[in-house]
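A closer look at the structure
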Amino acid sequence: MSKFFGTVFLIFSLMVQSQDTLTIMHYNLLMFGNNTGDCNQSTNNYVTKTGYLKTIVDYVKPDILTVNEINESYLYHDYILNYALNVNGIDYFERANPPNHSNSYIINQIFYNADKLTLNSNVAIETNYRDIDIFKLKVNNPGTPNQVDLNCCVAHLKAGNSEEEATERANETSKLMNYLNNSGAAGNYTMSGDFNLYTASEQAFQNLL
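Structure report, in brief. Because the structure is a prediction, the values reported are computed rather than measured. (Residues numbered from 1 in each chain as written. Predicted model: local features only at pLDDT ≥ 70, side-chain atom pairs only at ≥ 80, totals over all residues. Heavy atoms only, no water.)

1. Brief notes about the environment of Ile107
Within the fold, Ile107 resides in strand 5 (residues 106-113). For Ile107, a relative accessible area of 8% translates into the label buried. Counting along the chain gives 47 residues from Ile107 to Val154, while the straight-line C-alpha distance between them is 9.9 Å. With sequence-adjacent residues up to four places away left out, Ile107 is seen in contact with Val67, Asn68, Glu69, Ile70, Asn71, Glu72, His77, Pro98 and Asn100. (Helix = DSSP H or I, 4+ residues; strand = E, 2+ residues; numbered from the N terminus. Buried < 20%, exposed > 50% of the residue type's maximum accessible area, 1.4 Å probe, protein only. Contact = heavy atoms within 4.5 Å.)

What follows is the structure, encoded as structure tokens:
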């Protein structure tokens, strides 16, 4: 399961009620808005990539889009919001404000359909490289007494196939699971991201299981 594209995506639907579903999509945006090494504004132009993302979003129509590897500056987050999501008459997408405790130059983000969901809070678990974010949403069900909570965990685990890097991924996932176990986590949870796992025997994989 090694990383082979920056644009591999995951799509699945969560049943909210018998009348509705939520479609969730995830992307690693591959240094979106950053200039580093071979990824520059000639080879990895964020305006061009936003156009490609718009085409995919138009087809999939996700209610939730979680991403990795976007520049820490919210200017780039808003660019996706304004030019890939809230376009062609659509105006209901909003985003979170991830705190970036780990002080990384590439962070996670969530974009969500505010007609269907309300963002209550964002918990960030600091690691040595990048935060693991837990975006706590509420499904909008007007007129119903029962609130449906949806917690979206988004992680970008340490890349690399060395023993040291596998150990770091194990530490990162241990921090996530310790938080969930100690916080009395209940309700609905999703887990998306770029896990950079190579085998099911990796401790990080086993921690998530």
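2. Looking at the packing of helix 1 (residues 46-60) against helix 2 (residues 74-85)
One way to put it is that helix 1 packs onto helix 2 with a least axis distance of 9 Å and a crossing angle of 45°. The angle between helix 1 and helix 2 falls in the class oblique. Handedness of the helix 1/helix 2 crossing: right-handed. Between helix 1 and helix 2, the contacting residues are Tyr46, Val47, Thr50, Leu53, Lys54 and Val57 on the first element and Tyr76, Tyr79, Ile80, Tyr83, Ala84 and Leu85 on the second. When the residues that make up the contact of helix 1 with helix 2 are grouped by side-chain class, the tally is 10 nonpolar, one polar and one charged. (Axes fitted to C-alpha atoms, helices over the stretch in contact; angles between N-to-C directions. Parallel < 35°, antiparallel > 145°, perpendicular 65-115°, else oblique. Left-handed = near helix turned anticlockwise from the far one by under 90°. Nonpolar A, V, L, I, M, F, W, Y, C, P; charged D, E, K, R; others polar.)

3. Comments concerning the pairing of strand 7 (residues 132-139)
Counting buried residues in strand 7 gives seven out of eight residues, a clear majority hidden from the surface. Bridge analysis of strand 6 (residues 117-125) against strand 7 gives eight bridges, and the strand direction is antiparallel. Considered in strand 7, the bridge of Val123 is made with Ile134. The antiparallel hairpin formed by strand 6 and strand 7 contains six residues in its connecting segment. Both strand 7 and strand 8 (residues 148-156) contribute to a ladder of seven bridges, which runs antiparallel. Paired with Ile134 across the strands is Cys153, a residue of strand 8. (Pairing = 2+ DSSP bridges.)

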